[in-house]
Amino acid sequence: MSFDVASLRRQFPILGRPVNGKALHYLDNGASAQTPDAVLDAVRLYETTARANVLRGVHALAEAATEAYEEARADVARFLGGVPAEEVIFTGGCTAAINLVAQSYGSLLKPGDEIVLSVLEHHSNIVPWYQLAQRIGVTLRPLPVTDEGRIDVAALPQVVNARTRLISVAHVSNVTGAVVDVAAVVAAARGVGAKVMLDGAQRAPHGPVDLPALGVDFYVFAGHKAYGPNGIGVLWARRELLEAMPPFMGGGSMIGSVTFEAITWAPPPRRFEAGTPPIGPAVGLGAACRWMMGLDWTAIGSHEMGLTQRLMDGLAAVRSARLIGPPGLQGRLPVVSFVLDDVHPHDVAQILDSFGVAVRAGHHCAQPLMERFDIAGTTRACIAPYNDIGDIDALLAGVDEAVRRFA
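Parameters and conventions
- Residues numbered from 1 in each chain as written.
- Predicted model: local features only at pLDDT ≥ 70, side-chain atom pairs only at ≥ 80, totals over all residues.
- Heavy atoms only, no water.
- Pairing = 2+ DSSP bridges.
- Helix = DSSP H or I, 4+ residues; strand = E, 2+ residues; numbered from the N terminus.
- Axes fitted to C-alpha atoms, helices over the stretch in contact; angles between N-to-C directions.
- Contact = heavy atoms within 4.5 Å.
- Buried < 20%, exposed > 50% of the residue type's maximum accessible area, 1.4 Å probe, protein only.
- Phe/Tyr/Trp six-rings, centres within 6.5 Å; stacked < 30°, edge-to-face > 60°.
- Lys NZ or Arg CZ within 6 Å of the ring centre and 35° of its normal.

**What to know about the sheet that holds strand β14 (residues 360–362)**
- Across the sheet, which stays open at both edges, the four strands sit in the order β11-β12-β15-β14 with antiparallel pairing between neighbours. Looking at strand neighbours, the two that pair on one side only are β11 (321–324) and β14, the edges of this open sheet. Recorded for the sheet is a direction-independent mean angle of 30° between the axes of neighbouring strands.
- Across four bridges, β11 lies against strand β12 (residues 335–340) in antiparallel orientation. Residue pairing in the sheet places Leu323 in a bridge with Phe338 of β12.
- On top of the sheet, helix α11 (residues 297–316) reaches β11, β12 and β15 (378–382); it is set at about 10° to β12, its chief contact.

Here it is in structure tokens:
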């Protein structure tokens, strides 16, 4: 199936501009993706025609802002498989969404309860649970990772037990690109009455997510990785869970009534959106979700994975290169991490930058996974729909230069 990548690239103003006098080959999409005109236009339209605070205002701008904000919530709900819009909570980012669950749902747990996390989790899906363990005495149980960089679902029966209350894992690893076997995780959780949360930060940029089909209880993702603005993220949770959870933060908008004797909470989603929310970023994220829903993800998937194969084949031809993650295309998305023998990932990234190639280097906020593979870090390329063959070939040329220079 054909895919017109040149046409798509023209929707991203930054991709047509040189950086430091060089053509930009942007492959740092796992950290932050670029933003298309559709999103920029939506934010500008809000900021120039409807900028006001949401809720309670009865003047025209306030009503327009509230309408735009709630329409963005509805757009996200549609992107997530048509879930009820009132189950969508806007947060300051993916990290903020995980912390909300750890603080709010976590407050319902008690000492001795167990939370299962995998060894490949981003620190954002480890640190909040560690803090909860320090605070109330829950126990964290690590789920091991295979040599291919996948969550070892075969170990679920040994790790999940009657004390497990939550399994929280990455939908897609931000280091290895491996897609978790969600059905196996959900089945293990349901067998003991536990809940499941997926960190969708690396999955959401690759097209709509069918949450009803996944059968999980919590889902989080970040706007800036999904072609939207910075400072916006999403928590989705089942309504019955949201209704049982106390608020994470207190302030305006999240209350039913306030006296010095008693305070009642607003129903979800208001309960979890204290204060003035990130209105403009939310409008931009809604536009990003609409933009993504208008794309042919079957064709894009073929395009992305073709580039992934080209990159992996090119690295395989480099004697000192080692891939960290699945060696093939099955059960993975286009996140490719590698190491070069005797070359620090930061040195590789600097040389790639001299070729105009933007990548990520380091431990990627996944130190337990680095320890699992006995490495300090990796160089990581994350492919988006707007990447093309020129981006991959520029990266491979930079890798050849790194090998030559440090051999």
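**Details of unusual backbone geometry**
- Here Pro268 and Pro269 are connected by a cis peptide whose omega angle stands at 5°.
- Within the secondary structure, Pro269 sits in the loop between β10 (263–265) and α10 (279–293).
- Not every positive phi belongs to a glycine, and Asp342 is a case in point at roughly 65°.
- Checked against the element boundaries, Asp342 lands in the loop between β12 and α12 (345–354).
- Residue Asp342 is classed as exposed on the basis of its relative accessible area, which comes to 79%.

**Regarding the pairing of β12**
- In terms of burial, β12 is a largely internal element, six of the six residues being buried.
- With burial as the criterion, each face of β12 is covered, one bearing Val335, Ser337 and Val339 and the other bearing Val336, Phe338 and Leu340.
- Bridging between β12 and β15 involves four bridges; their strand directions are antiparallel. From the neighbouring strand, Phe338 faces β15, where its bridge partner is Thr379.

**Focus: the packing of aromatic side chains**
- Evaluation of the coordinates by the stated rule reveals eight aromatic pairs.
- Each ring, one from Tyr69 and one from Phe90, has its centre 5.3 Å from the other, and the planes form 50°; the classification is tilted. One end of the pair, Tyr69, is in helix α3 (residues 60–79); the other, Phe90, is in strand β2 (residues 88–91), with 21 residues separating them in the sequence. Neither Tyr69 nor Phe90 differs from the other in exposure class; each is buried.
- Put simply, the rings of Phe12, Tyr227, Trp291 and Tyr386 touch in pairs and so form one group of aromatic residues.
- When the ring centre of Phe373 is taken as origin, the NZ or CZ atom of Arg372, which lies over that ring, is 4.9 Å away.

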